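Coordinate inspection notes
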Amino acid sequence: MGDQDVDTPIFDLKGQVALVTGGTSGLGRAIAVALARAGAQVTVGSRDAAKIDDTLGELASLGTGHGGVQLDVADFAAVDRAVESVVASHGRLDLLVNAAGVTRRTPSLDVTMDEFEQIVRTNYLGLFKCCQAAARIMREQDGGCIINIASISAAFGWADVAAYSSSKAAVVNLTRSLANDWAKYRIRVNAIAPGVIPTALNRPLIEGTPRGEWFLAHTPQGRFGEPHEIAGAAVYLASPAASYCTGEVLTVDGGFSARGVGV
């Protein structure tokens, strides 16, 4: 995953084996489809068996070798089983995308410890467990690539989502730490920090709400993003084009984080 032949197409993922957690909806599904279109053999992880079947129906039109595995990343034993399943089917694991996540909008004085813990266990602890399980395989095969889905909320103080925002800030720092720890194994670890992308996870919070109108007003492009725009960033980070990129957080937010004082 490091040195690349200069004649290799820079966005070609042919022969790469990928696992995408949260790969049956929202950003995860868009990323899974984009990786498959780039030539990767993709396994999608999800808690919902029906969503796995539906996603595999779409992936089937993009080649063979794709699969699905029931996976709740907050269940650490299930993470090990999922990684073992991918390796048993394909003999290797080249690419992990951590797209599974949960959120809840609750004032910080009202959120329960159980609610807070559920978000942190999924978005941060489960993500780390996935990274660790995948990296143990990648170390033995001399390299791999991990992409974590963070959020621009990691860099801003947003109201009523303390658990989510802090979990994503932890993902950003974890990404940089693991990039340092695992570079010697030729494992690249990067993150994507999406701006506001309407998905099933957040649509009730942002579409037709004062919060959503505020986001639009503070985004220079004047619109929300779309899942395929995050998927393109994932293909780049997974590809030979990003072979010298590790420990980076690629922000894709329509200019939101670049805006200072508006006019």
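One can find the structure itself at the top, above this paragraph.
Just so we're clear, the structure is a prediction, and the values are computed from it rather than from any experiment.

Overview of the packing of helix α1 (residues 26-37) against helix α8 (residues 227-238)
Interhelical geometry of α1 versus α8 gives an angle of 50° and a closest axis separation of 8 Å. Taken as axis vectors, α1 and α8 run oblique relative to one another. Where α1 crosses over α8, the two elements pack in a sense that is right-handed. In this structure, α1 contributes Gly26, Leu27, Ala30, Ile31, Ala34 and Leu35 to the contact, and α8 contributes Pro227, His228, Ile230, Ala231, Ala234, Val235 and Ala238.

A word on the sheet that holds strand β1 (residues 17-21)
Read across the sheet, 7 strands follow the order β3-β2-β1-β4-β5-β6-β7 without closing on themselves; strand pairing throughout is parallel. Both outer strands of the open sheet, β3 (67-70) and β7 (249-252), are each paired with one neighbouring strand and no more. Each strand of the sheet is rotated relative to its neighbour by a mean of 20°, with strand direction disregarded. Along the sheet face, helix α5 (residues 162-182) touches β5 (144-149), β6 (187-194) and β7 and points at about 160° away from the line of β6. Against the sheet, α8 makes contact with β4 (95-98), β5, β6 and β7, and its axis sits at roughly 165° relative to β6, the strand it touches most.

Each value, and the rule that gives it
Residues numbered from 1 in each chain as written. Predicted model: local features only at pLDDT ≥ 70, side-chain atom pairs only at ≥ 80, totals over all residues. Heavy atoms only, no water. Axes fitted to C-alpha atoms, helices over the stretch in contact; angles between N-to-C directions. Helix = DSSP H or I, 4+ residues; strand = E, 2+ residues; numbered from the N terminus. Parallel < 35°, antiparallel > 145°, perpendicular 65-115°, else oblique. Left-handed = near helix turned anticlockwise from the far one by under 90°. Contact = heavy atoms within 4.5 Å. Pairing = 2+ DSSP bridges.

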